[in-house]
Amino acid sequence: MSEIARQDDVLLPLPVVSPEKIMEAHSRLREWIAGALEAKRDFDILPGTDKKVILKPGIDRIMVGFGLRATFEVIESEVDHDRPVSYDAGRWQTIDDPGRERKEQLKAEFPGRFRSSKDKNGAWRFQERVDEVGTSYGLYRYLVSCRLLTKDGEVVGEAQGLCSSMETKYVRDPRS
């Protein structure tokens, strides 16, 4: 249970655990996660970066290890299968590599239109942004609550997430 102090009519939360205990708990947690999760299955490198991200199987494994289960509830939804949605979006199209000098020249002349990036295998590719205007049909938007529960049903964590077919990656094909 957290402690609260009152000072000059201001409520101040006070620590309930020493820094040493927090550091020890954090070290034990990191050790447990390192032993429980497997690369490429439970976590992977985010394409185009050097950052590790946890994947769904890794989350499931951590929840089992801590004796937790997730429940989901749709809080709000908006569904209109026939709604026309106009979009003005762009996408990155891989093009032939014009050589180092020409790439740098294109990037300088047209900022934001050309880029070099790595694909999911780590290979470099040269891309051009292509504008796309169109109309798709269907609007799908969901606000979902996720609760983490102990085996006794006690809520130990809660979060909300929103997804929408208006997001750039879905606006062309909202039913996906």
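Refer to the structure printed above.
Conventions we followed
Residues numbered from 1 in each chain as written. Predicted model: local features only at pLDDT ≥ 70, side-chain atom pairs only at ≥ 80, totals over all residues. Heavy atoms only, no water. Helix = DSSP H or I, 4+ residues; strand = E, 2+ residues; numbered from the N terminus. Buried < 20%, exposed > 50% of the residue type's maximum accessible area, 1.4 Å probe, protein only. Polar contact = N/O pair within 3.5 Å; in protein donor to acceptor, adjacent residues only side chain to side chain. Contact = heavy atoms within 4.5 Å. Phe/Tyr/Trp six-rings, centres within 6.5 Å; stacked < 30°, edge-to-face > 60°. 1 Å grid on protein atoms, 1.4 Å probe; cavity = no way out; pocket = protein on both sides within 12 Å on 5 of 7 lines; lining within 4 Å. Points joined across faces, edges and corners; volume = space filled by probe spheres on them. Nonpolar A, V, L, I, M, F, W, Y, C, P; charged D, E, K, R; others polar. Axes fitted to C-alpha atoms, helices over the stretch in contact; angles between N-to-C directions. Parallel < 35°, antiparallel > 145°, perpendicular 65-115°, else oblique. Left-handed = near helix turned anticlockwise from the far one by under 90°.

### Quick notes on the side chain of S117
- Along the polypeptide, S117 turns up in strand β6 (residues 114–118).
- Classification of S117 by relative accessible area gives buried; the value is 13%.
- A polar side-chain atom of S117 sits 3.0 Å from a polar atom in the side chain of Q127.
- Ignoring sequence-local partners within four residues, the contact set of S117 consists of A123, W124, R125 and Q127.

### A look at the packing of aromatic side chains
- Evaluated as defined, the whole model comprises 3 aromatic pairs.
- Ring geometry for W32 against F66: centres 5.1 Å apart, planes inclined by 70°, an arrangement best described as edge-to-face. Here W32 is found in helix α1 (residues 19–36), whereas its partner F66 is found in the loop between α2 (56–65) and β5 (69–95), with 34 residues between them in sequence.
- For W32, a relative accessible area of 32% gives the class partly exposed.
- Owing to a relative accessible area of 46%, F66 belongs among the partly exposed residues under this scheme.
- A centroid spacing of 5.8 Å and a plane angle of 5° characterise the contact between F114 and F126, whose relative ring orientation is stacked. Note that F114 is positioned in strand β6 and F126 in strand β7 (residues 124–149), a separation of 12 residues in sequence.

### What about the layout of surface pockets?
- For the largest pocket, the calculated volume is near 210 Å³.
- Looking at the largest pocket, it is lined by 14 residues, and the ones nearest its centre are D44, I45, L46, P47 and K120.
- Grouping the constituent residues of the lining of the largest pocket by class yields 5 nonpolar, 4 polar and 5 charged.

### A look at the packing of α1 against α2
- Running from N to C, α1 and α2 cross one another at 125°; their axes reach a closest spacing of 11 Å. Our classification of the angle between α1 and α2 gives oblique. Of the two possible hands of crossing, α1 and α2 adopt the one that is right-handed. Residue-level inspection shows W32, I33 and A36 of α1 in contact with α2, the latter providing R61, I62 and G65.
- Classifying every residue of the contact of α1 with α2 gives 4 nonpolar, 1 polar and 1 charged.

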